[in-house]
Amino acid sequence: MPGTRNRTLTSALPLALAVVGTLATAIPAAQAAPDRAAPDRAAPDRAGAHHSRPSHCRGQGVDASARIRYRSDVVIKAPLSTVWKLQTDVERWPSWQQPVLTAERLDPGRLGKGSRFRWTTPAPATPTTPATTLEITSTVRQLQRGACVLWSGPAVGQGLRIDEGVHLWTFTEVKGGVRVHTEETWTGAQVEADVPTATAALGAGLEAWLHDLKTTAEHRRK
């Protein structure tokens, strides 16, 4: 979480395989609390809480039936073009996100619906899984340039598997910057065996991603 990231959780099953939709289950206490000292930082949404931000991209969102889910958003004081380029220039993710070890496009051209990319990230040991490196193969399911992107795919490491992560990002211009909203769900027997731990890891990863995106975009604006 911004300023006080737990590195173990930040690295664990992190950033997200693919992201967001209607939250139907309660988020455990490990979810981030509002940062009252930072008015541009929005509190992560809890299950059942009303919110008017888009939870879909061209009519599609995260897995509504998934037991592991998290959503959050932040206002970034930078132009939409800067934020969008950072987020969709997949191959440059390692240059501004420490938890992303490698990232490669699997097809040419601009990122769009049907594009595929592969990236890796470390996952530390837990009481039930060994330390490993997750390889995530993501496919873009929907994309509206400058507005939203939705991708999904499996994450596989030695002794650890997430069958599918679905990750949604939306970008809305607001006074002074861009509101970035993200949601993600995970499914798979291994992670569903300990929903609170998996949800905490997912939440920490998404909070870290938002923090890095905000920090990098606002720095480039200067």
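This structure is a prediction, so every number in the text was calculated from the model and none was measured.

(A) The pairing of strand E4 (residues 132-144), seen in detail. For strand E3 (residues 116-123) and E4, the ladder comprises eight bridges, and the chain directions are antiparallel. Of the residues in E4, the one forming a bridge with alanine 123 is threonine 132. Judged from the seven bridges that link them, E4 and strand E5 (residues 148-157) form a sheet pairing that is antiparallel. Residue pairing across strands places threonine 139 opposite serine 152, the latter belonging to E5. Taken together, E4 and the strand that follows it, E5, pair antiparallel across an intervening segment of three residues, in which glycine 146 is found at a positive phi of about 80°.

(B) Seen up close, unusual backbone geometry. Within the chain, arginine 58 stands out as a residue other than glycine whose phi angle is a positive 50°. Counting through the fold element by element, arginine 58 comes out in the loop between helix H1 (7-11) and strand E1 (68-76).

(C) Region of the structure containing the nonpolar core. With 42 residues, the main nonpolar core has Val83, Trp93, Trp169, Phe171 and Val180 as its most contacted residues. The dominant element in this core, judged by the number of residues it contributes, is helix H4 (residues 195-221), at nine residues. Residue contacts for valine 180: discarding those within four places in its chain leaves Ser72, Asp73, Val74, Ile76, Val83, Trp169, Thr170, Phe171, Leu210 and Leu213. By size, the runner-up hydrophobic cluster in this structure holds six residues, among which are Cys57, Leu150, Val166 and Leu168.

(D) Broad picture of the pairing of strand E2 (residues 102-105). Of the two faces of E2, only the one carrying Ala103 and Arg105 is buried; Thr102 and Glu104 on the other face are not. The pairing of E2 with E3 spans four bridges and is classified as antiparallel. Note that in E3 the partner of arginine 105 across the bridge is phenylalanine 117.

(E) Molecular detail of the confidence of the model for the chain. Per-residue confidence for the chain gives a mean pLDDT of 81; residues scoring 70 or more make up 75%. Predicted confidence is poor over residues 1-39, with pLDDT under 50, and the contacts of this stretch with residues over four places away or in other chains come to 141 contacts. Low pLDDT, under 50, characterises residues 41-52; the stretch is placed with 39 contacts to residues that sit more than four places away or in other chains.

Rules of the game
- Residues numbered from 1 in each chain as written.
- Predicted model: local features only at pLDDT ≥ 70, side-chain atom pairs only at ≥ 80, totals over all residues.
- Heavy atoms only, no water.
- Pairing = 2+ DSSP bridges.
- Helix = DSSP H or I, 4+ residues; strand = E, 2+ residues; numbered from the N terminus.
- Core = buried A, V, L, I, M, F, W, Y, C linked by side-chain atoms within 4.5 Å.
- Buried < 20%, exposed > 50% of the residue type's maximum accessible area, 1.4 Å probe, protein only.
- Contact = heavy atoms within 4.5 Å.
- pLDDT = per-residue confidence, 0-100.

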